[in-house]
Amino acid sequence: MATSSIFHNVILNDPKQVEAFVSALEASEADPYVRPEFSLADVLTDKGEILRLHELRMKNRDMSK
């Protein structure tokens, strides 16, 4: 597991280093990054809207040349 190699390579000799490391772990535990379980993107099913977006994309692509 990836975390085991991280902790395996950490060597802390100074009590201040230990305190800073523990504080960082506690802060991470208190406010963890959580990935959303669902996509925030809307799925288009309306053929007219899909065609409109495609035409807009093609128009913008042609303008950037």
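Computed from a prediction, not measured in an experiment: that's the story for all the values here.

K.L.:
Can you help me understand the overall build of the chain in this one?
P.N.:
When you go through the chain residue by residue, the secondary structure sums to three helices and zero strands. Ordering the α and β elements of the chain from the N terminus gives α-α-α. Across the 65 residues that make up the chain, the buried fraction comes to 0%. Accessible surface, the chain: about 6,600 Å² in total, of which carbon and sulfur atoms supply 59%.

K.L.:
Is there a simple way to explain a nonpolar patch on the surface in this structure?
P.N.:
On the surface, Val 10, Leu 12, Val 18 and Val 22 cluster together into a nonpolar patch covering about 240 Å² of accessible area. Tracing the backbone through its elements, the reader meets Val 18 in helix 2 (residues 15-30).

K.L.:
Can you help me understand the pattern of salt bridges in this one?
P.N.:
Proximity of charged atoms lets side chains of opposite charge pair with each other. What the rule picks out here adds up to one salt bridge. Arg 52 serves as the salt-bridge partner of Glu 49, at 2.8 Å between the closest nitrogen and oxygen. Of this pair, Glu 49 and Arg 52 both sit in helix 3 (residues 47-63), three residues apart, which is roughly one turn of that helix. Judged by its relative accessible area of 25%, Glu 49 is partly exposed. We classify Arg 52 as partly exposed; its relative accessible area is 44%.

Criteria and cut-off values
- Here the residue numbering is sequential within each chain, running from 1 through the sequence in written order.
- Only residues with pLDDT of at least 70 get local features here, since the model is predicted, and only at 80 or more are side-chain atom pairs given and counted; chain-wide, interface and lining totals rely on the full set of residues.
- Hydrogens and waters are ignored; side-chain quantities use all the structure's heavy atoms.
- Working definition: helices are DSSP H or I runs of at least four residues, strands are E runs of at least two. Numbering for both runs from the N terminus.
- Buried residues are those whose accessible area, probed at 1.4 Å on protein chains only, stays under 20% of the maximum for their type, while exposed residues exceed 50% and partly exposed ones sit between those limits.
- Throughout, the Shrake-Rupley method with a 1.4 Å probe supplies accessible areas, and for residues the shown protein chains are the sole cover considered.
- Residues qualify for a patch when their relative accessible area is over 30% and they have no salt bridge, like charges being joined within 9 Å and the nonpolar side chains of Val, Leu, Ile, Met, Phe, Trp and Tyr within 5 Å.
- Here a salt bridge means any side-chain nitrogen of Lys or Arg lying within 4 Å of a carboxyl oxygen belonging to Asp or Glu.

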